[in-house]
Amino acid sequence: FFAGCFASMGLVQAPVPFLQDIGFPIQTAASALSAVGIGSALGKIVFGWLCDRMQPRHAWAIGQAMMAVSVVILLGIDAESSIVPIWAYALLAGFGMGAWLPTLSILASRNFGLAFYGAVFGALNLVQSTGTATGPFFAGLMYDASGTYYWTFVTYGVLLLIGIPLILLVKKPAGIDVD
């Protein structure tokens, strides 16, 4: 969850200055940020529905994969690009970001039961919050050091891809009865 949230918040904040740096007007960059929000709202609904039909860790992996694909799209955007890949990145990234809330909550309750839910959910939120706080900070440091967001986006993509097999390895702890 740290890796996914680190990357997702960076993918919310860094593309706006990135798009401005390569020549897009602020209105285009801001509309992309709005599209991330729209995608995230839709993603929360769809991923909540998916968690009722599949293991939540699989739903989280799908969300991570969607964000990783959005990074590939983002890396392909240049000054000559139309608005179509910008919106494709934004909607796909936002939709994938919508996975974290339903999956985080359901993973905590199904794997640890309601007796431990508050403590586990709180610990997971600490990890998630640390990721969301440091991802954009990392983007700023990388930009200041290199003058580009390219390696920032590559790092986010790698973290998202690392997070997919890690979440798929999550198993219910032995000895915990959640029924």
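Here the structure is shown first, and the text comes after it.
Residues numbered from 1 in each chain as written. Predicted model: local features only at pLDDT ≥ 70, side-chain atom pairs only at ≥ 80, totals over all residues. Heavy atoms only, no water.

Overview of the packing of aromatic side chains
The following threshold applies: Side-chain rings of Phe, Tyr and Trp (the six-membered ring for Trp) are treated as a pair once their centres are within 6.5 Å; stacked means planes under 30 degrees apart, edge-to-face means over 60, and tilted covers the remaining angles. Strands here are runs of E lasting at least two residues and helices are runs of H or I lasting at least four, both read from the DSSP assignment and numbered beginning at the N terminus. Classification of residues uses two cut-offs on accessible area relative to the type maximum, computed with a 1.4 Å probe and protein chains only: under 20% is buried, over 50% is exposed, and between them is partly exposed.
Taken as a whole and assessed by the stated rule, the structure comprises eleven aromatic pairs. Plain terms: the ring middles of Phe6 and Tyr156 are 5.9 Å apart, the flat faces sit at 75 degrees to each other, and that makes the pair edge-to-face. With a gap of 150 residues between them, Phe6 in helix 1 (residues 2-13) and Tyr156 in helix 8 (residues 150-168) connect regions that are remote in the sequence. The exposure class of Phe6 is buried, given its relative accessible area of 9%.

Quick word on the state of the cysteines
We count it as follows: Pairs of cysteine sulfur atoms within 2.5 Å are what we label disulfides.
Here the structure, examined in full by the defined rule, presents zero disulfides. For Cys5, which is in no disulfide, the shortest distance to another cysteine sulfur is to Cys51 and amounts to 14 Å.

Here's the deal with the packing of helix 4 (residues 56-75) against helix 5 (residues 83-97)
Applicable threshold: Convention adopted: a line fitted to C-alpha atoms gives each axis, helices being fitted over their contacting stretch, and angles between N-to-C directions are expressed from 0 to 180 degrees. Any angle from 65 to 115 degrees is called roughly perpendicular, while one under 35 is roughly parallel, one over 145 is roughly antiparallel, and all others are oblique. Here a crossing is called left-handed whenever its near helix is offset anticlockwise from the far helix by less than a right angle, and right-handed whenever the offset is clockwise. Contacts: residue pairs with any heavy atoms within 4.5 Å of one another.
As a packed pair, helix 4 and helix 5 sit with axes 8 Å apart at the nearest point and diverge in direction by 160 degrees. The angle between helix 4 and helix 5 places the two elements in the roughly antiparallel class. In terms of crossing hand, the pair formed by helix 4 and helix 5 is left-handed. When helix 4 is examined against helix 5, the residues Gly63, Met66, Met67, Val69, Ser70, Ile73 and Leu74 are found in contact with a partner set consisting of Pro85, Ala88, Tyr89, Leu92, Ala93, Phe95, Gly96 and Met97.

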